[in-house]
There are 2 protein chains.
Amino acid sequence: MKLPIRVSEESREPIYHQIETQVKSLIVGGQLPPGTPLPSIRVLSNDLQCSVITTRRAYQNLESNGFIKTVQGKGTFVKEIETIKMEETKQKVVIDAFVRAVEQAEQVGCSSEDIRRIFKEVMENKRNGGGL
Amino acid sequence: MKLPIRVSEESREPIYHQIETQVKSLIVGGQLPPGTPLPSIRVLSNDLQCSVITTRRAYQNLESNGFIKTVQGKGTFVKEIETIKMEETKQKVVIDAFVRAVEQAEQVGCSSEDIRRIFKEVMENKRNGGGL
DNA sequence: TATAGTGTATATATAGATATACACAGTATA
DNA sequence: TATACTGTGTATATCTATATATACACTATA
């Protein structure tokens, strides 16, 4: 299965961390149920045009945090996760993203009304084709 | 003048880049008018608890992008910027932040309604003390 | 001209990304 | 049942980017 994730070369966020957070999102969002085999580090590194070591590092961190389980020679699989932890992670991740966006808006001097207007625009544009 | 900026040690975004984007936001937002002297690299590095080289790098990048002008021995100053460029940068920066937030929400499986609800919550919490 | 403020340059350490060679698991087939 | 093969994860060495300390140079002014 091809993971719907996307890394940005331009972003200053490390690639391994972009992979990590996106895979985590797919897991806590329920798109990747427990037991699901993840793409091998090689297949994924090829998809994302990065090194095997980079995808491996992402998987290693996800394993440390209890989201996946990797077995040498066999592959990497989504672990069973407590419903509470999933819900908490999911909520937190989205709220954080919006807090960052609002803070960014305030730093360039947007009023609450400006912010609401821009949010609306983004939601509209999303519906009409996604292309910003 | 003490800049209202804040760097996160935990963030995977490089410190020099956090400084860079935040100072840029203050400039295009109009909080730092043309001619305003920025804090010296030493003062700023002390405020932010980072190295002088780090603040310097941020200033160098901002200078390359035409936002500030630094003069050896004297200091660093906000440049005159075209109104159009300012408005464009301002808009772009905020829209990008919201697009990222919405994409994050979608990746964990939020519906449009979920997203609107969370946005509302974040805006409410902001009013009631900011402390999330 | 001494001093305290500014920015600048050199060398060094840590983190992120890579290529390449290695080890384990499953499977086809001689 | 051997064994070759292809798939998986693992380890070592190397390079670039990020962050730092420290010494240097320019500007203003007491």
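Each value, and the rule that gives it
Residues numbered from 1 in each chain as written. Chains lettered and ligands numbered in written order. Predicted model: local features only at pLDDT ≥ 70, side-chain atom pairs only at ≥ 80, totals over all residues. Helix = DSSP H or I, 4+ residues; strand = E, 2+ residues; numbered from the N terminus. Buried ≥ 20, exposed ≤ 12 C-beta atoms within 10 Å, placed from the backbone. Contact = placed C-beta atoms within 7 Å. Axes fitted to C-alpha atoms, helices over the stretch in contact; angles between N-to-C directions. Parallel < 35°, antiparallel > 145°, perpendicular 65-115°, else oblique. Left-handed = near helix turned anticlockwise from the far one by under 90°. Nonpolar A, V, L, I, M, F, W, Y, C, P; charged D, E, K, R; others polar. Near = placed C-beta within 6 Å. Core = buried A, V, L, I, M, F, W, Y, C linked by C-beta atoms within 7 Å. Least-squares fit on C-alpha atoms with pLDDT ≥ 70 in both.

As for the overall build of chain A
The number of helices and strands found in chain A is five helices and two strands. Projecting the C-alpha coordinates of chain A onto the three principal axes gives extents of approximately 55 × 35 × 30 Å. Going through the 132 residues of chain A one by one, you find that 30% of them count as buried. Counted over contacts in chain A with a minimum sequence separation of 6, partners at least 24 positions apart contribute 50%.

A word on the packing of helix H1 (residues 15–28) of chain B against helix H3 (residues 52–64) of chain B
Residues and elements named next belong to chain B. The interhelical angle for the contact between H1 and H3, taken along N-to-C directions, is 50 degrees, at an axis separation of 8 Å. It follows from the interaxial angle that H1 and H3 lie oblique. Considering how the two elements wind past one another, H1 and H3 form a crossing that is right-handed. Facing H1, whose interface residues are Ile15, Tyr16, Ile19, Glu20, Val23 and Lys24, H3 presents Thr54, Thr55, Arg57, Ala58, Asn61 and Leu62. Looking at the contact of H1 with H3 residue by residue, the classes come out as six nonpolar, three polar and three charged.

Here's the deal with the packing of helix H4 (residues 83–107) of chain A against helix H5 (residues 112–127) of chain B
At a minimum axis separation of 10 Å, H4(A) and H5(B) run at an interaxial angle of 55 degrees. Classified by the angle between their axes, H4(A) and H5(B) sit oblique to one another. You can see that H4(A) and H5(B) cross each other, and the crossing is right-handed. Judged by residue contacts, Val94(A), Ile95(A), Phe98(A), Val99(A) and Val102(A) of H4(A) engage Ile118(B), Phe119(B), Val122(B) and Lys126(B) from H5(B). Split into classes, the residues belonging to the contact of H4(A) with H5(B) amount to eight nonpolar, no polar and one charged.

Topic: the interface of chain A and chain B
Size of an interface, as often reported, equals the accessible area lost when the parts are brought together. With 34 residues of chain A at the interface, the matching set in chain B holds 34 residues. Those elements that provide at least two residues to the side of chain A that touches chain B are helix H1 (15–28), H4 and helix H5 (112–127) of chain A. Considering each element in turn, the side of chain A that touches chain B owes the most residues, 13 residues, to H4(A). Its residues placed into classes, the side of chain A that touches chain B shows 19 nonpolar, 10 polar and five charged.

Brief notes about the protein's contact with DNA strand C
The environment of DNA strand C is made up of 24 residues, and the closest members are Pro14(A), Ser51(A), Ile53(A), Gly73(A) and Ser40(B). Secondary-structure elements contributing two or more residues to the surface near DNA strand C are H1 and helix H3 (52–64) of chain A together with helix H2 (41–48), H3 and strand S2 (75–78) of chain B. Here the surface near DNA strand C is built from residues that sort into 10 nonpolar, 10 polar and four charged.

Description of the nonpolar core
Looking at soluble globular proteins, one finds that nonpolar side chains tend to be buried together. Phe98(A), Ala101(A), Phe98(B) and Ala101(B) are the most contacted members of the largest nonpolar core, which has 55 residues in total. In contact with Ala101(A), not counting residues within four places along its chain, are Ala97(B), Phe98(B), Arg100(B) and Ala101(B).

Brief notes about the relation of the copies chain A and chain B
With an axial shift of 0.0 Å and an RMSD of 0.1 Å, the rotation relating chain A to chain B amounts to 180 degrees. Within this description, the copies of the chain are treated as partners about a two-fold rotation axis. Judged by C-alpha distance, Glu13(A) is the residue of chain A that lies nearest the rotation axis, at 2.5 Å. When you check the interface residues of chain A against chain B, 100% turn up at the interface there too, and the contact is symmetric in its surfaces.

Re unusual backbone geometry
One non-glycine residue, Gln49(A), lies in positive phi territory at about 55 degrees. Structurally, Gln49(A) is set in the loop between helix H2 (41–48) and H3.

Regarding the protein's contact with DNA strand D
Lining the immediate surroundings of DNA strand D are 24 residues, of which Ser40(A), Pro14(B), Ser51(B), Ile53(B) and Gly73(B) lie closest. Elements represented by at least two residues in the surface near DNA strand D include exactly H2, H3 and strand S2 (75–78) of chain A together with H1 and H3 of chain B. Residue classes in the surface near DNA strand D are distributed as 10 nonpolar, 10 polar and four charged.

In short, geometric facts, not functional conclusions.
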